[in-house]
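Observations on the model geometry
The primary structure of each chain is shown beneath.
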Amino acid sequence: MASDADNHSSNKPTEAQRGLHELYREDPISADQQLWGRETDPGSRRGFLKRSGLLAMATALGASIPFAKNMPAGLIPAAFAQSDEPFTLPGKEGLTVLNDRPINAETPPHLLDDEITPAKHMFVRNNGLLPDIKVLNPDNWTLEIAGESCENPTTFTIAELKERFEHHSYQLTVECGGNGRSEYVPAASGNQWTTGAVASPKFTGVRLRDVLEACGIKQDAVYIGYYGGDLHPSGDPSKAAISRGVPMSKALEDETLIAWAMNDEDMPVLNGHPLRLVCGGWPASTSGKWLKKIVIRNQVHDGNKMAAPSYSVPKYPVAPGTQVPNEDMEIIQSMPVKSLITFPATGITHTLGQPLAVRGHAWAGDLEVNELHLSIDFGATWHKAELRKPANRLAWQHWHSELTFPEKGYYEVWAKAVDSEGTAQPMVVPGWNPKGYLNNACHRIAIQIV
């Protein structure tokens, strides 16, 4: 189906896709008008008032759109929403590189189909430059525990951590706070993640709580902060590339780990070898890589990227494009409910009358997911999928279903998860924020029924 879209737009498919995305980022309603001549019902903001607009979009998709009357305004068809950019990243297969200084790369949804994310398909999010590979030696690596609320500051080797503390393994969901940033209008600054800055591997290490308690936690402790071995983009060794943290309540959870292994192998270099912090369910920026030091604080940690607007959202709803004062921002904690369709890949063709198997994952920060629903008519009706319990707390949950389609044409399969407190994913991009964080809109893929 991608070839139909490319032929309609340009003889240079990559440039055509970029142009399409740029138009929708700048003004989705105007993009509808420019590209398809589309006008929607002013009351419902759905459908096509002019048959010519519907025909133009259907021609580009190479199929009719049976539920076109339900299609929201300003919605780029999912068939055009994926891009096949080239990539070169050692140890990673199929990732799309968004930036190379620092390295940031995301995973296409169909490569996240494994129940436990393999290392080769785990996204890469860096704020600084990689440490020199020569210093990443587990035999020489040390971890310092300190801070004004630490009773007995101590430095451990990795061997001492392994010998002194009980080992634990958990499957933990780690997601970049900016995952989905590319869908915000107006555009937010930062890496333009689509859906692939999420993973749920199995991590092995020791509980952060056990290590902190061994060093003594003072009564006034309220937060922890970390420091890693990565370098500030400027190259200045006196500056930390990133130094974030979490409240003590999160730090002391069973699942918060100081980890040296992922999926029963050494931690990959790009994901924090030889030691990293893992705080599942919270923004991945709280899970510091190349972990060198943890401080126990008597205040909210004040390291680099802790202050607004970094990893912060407005305390109240704001209009798109609003300048929000830093004092009106709050630090992101638990990530919102979200889901992903990992099979089939977007853009497939499928035979009418044959059931289509669909599956994926869902997660909800510190909570569980209670329900997963699918729609083939742009959200007008929903079908409940089979949802499994997580392998452990803070692991994503697998879901599956079979769908049938009433006639030939272009369809979009939408997935919507509902968390244990009854909060559902929004159908479209949620409230705008200056940095484009926490987009948990329904994931959707394109299907052509023939």
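Above this text is the structure in question.
Heads up: these notes are all about the structure in this document. (Residues numbered from 1 in each chain as written. Predicted model: local features only at pLDDT ≥ 70, side-chain atom pairs only at ≥ 80, totals over all residues. Heavy atoms only, no water.)

1. Some points on the overall build of the chain
Summing up its helical and strand segments, the chain has seven helices and 26 strands in all. A compact globule built from 450 residues would reach a C-alpha radius of gyration of about 22 Å, and the chain, at 23 Å, matches this within 12%. Taken along its principal axes, the extent of the C-alpha atoms in the chain is 75 × 45 × 40 Å. Going through the 450 residues of the chain one by one, you find that 53% of them count as buried. When the accessible surface of the chain is totalled, it reaches about 18700 Å², and 49% of it is carbon and sulfur. Of the side chains in the chain, 41 bear a positive and 52 a negative charge, and the two mean positions are spaced by 2 Å. (Helix = DSSP H or I, 4+ residues; strand = E, 2+ residues; numbered from the N terminus. Rg over C-alpha atoms; globule rule 2.2 N^0.38 Å. Buried < 20%, exposed > 50% of the residue type's maximum accessible area, 1.4 Å probe, protein only. Areas by Shrake-Rupley, 256 points an atom, 1.4 Å probe, with all protein chains shown as cover. Lys, Arg positive; Asp, Glu negative; His and termini not counted. Charge placed at Lys NZ, Arg CZ, Asp CG, Glu CD.)

2. Details of the sheet that holds strand β21 (residues 369-375)
Reading across from one edge, β19-β26-β25-β21-β22 is the order of the five strands in this open sheet, with mixed pairing throughout. Each having just a single partner strand, β19 (348-350) and β22 (383-384) make up the two edges of the open sheet. In this sheet, strand β26 (residues 443-449) lies alongside strand β25 (residues 409-419) in antiparallel orientation, the contact comprising seven bridges. The residue bridging A415 from the neighbouring strand is H443, located in β26. (Pairing = 2+ DSSP bridges.)

3. So, the packing of aromatic side chains
Enumeration over the complete set of coordinates arrives at seven aromatic pairs. Aromatic side chains W363 and W396 sit 5.9 Å apart centroid to centroid with 45 degrees between the ring planes, which places their arrangement in the tilted category. Taken together, the residues W363 in strand β20 (residues 356-363) and W396 in the loop between β23 (386-387) and β24 (397-403) connect sequence positions 33 residues apart. Taken as a pair, W363 and W396 share a single burial class, namely buried. Following the ring pairs from residue to residue traces out a cluster consisting of F67, F405 and Y411. Geometry around F48 places R38 over its ring, the cationic atom sitting 4.5 Å from the centre. (Phe/Tyr/Trp six-rings, centres within 6.5 Å; stacked < 30°, edge-to-face > 60°. Lys NZ or Arg CZ within 6 Å of the ring centre and 35° of its normal.)

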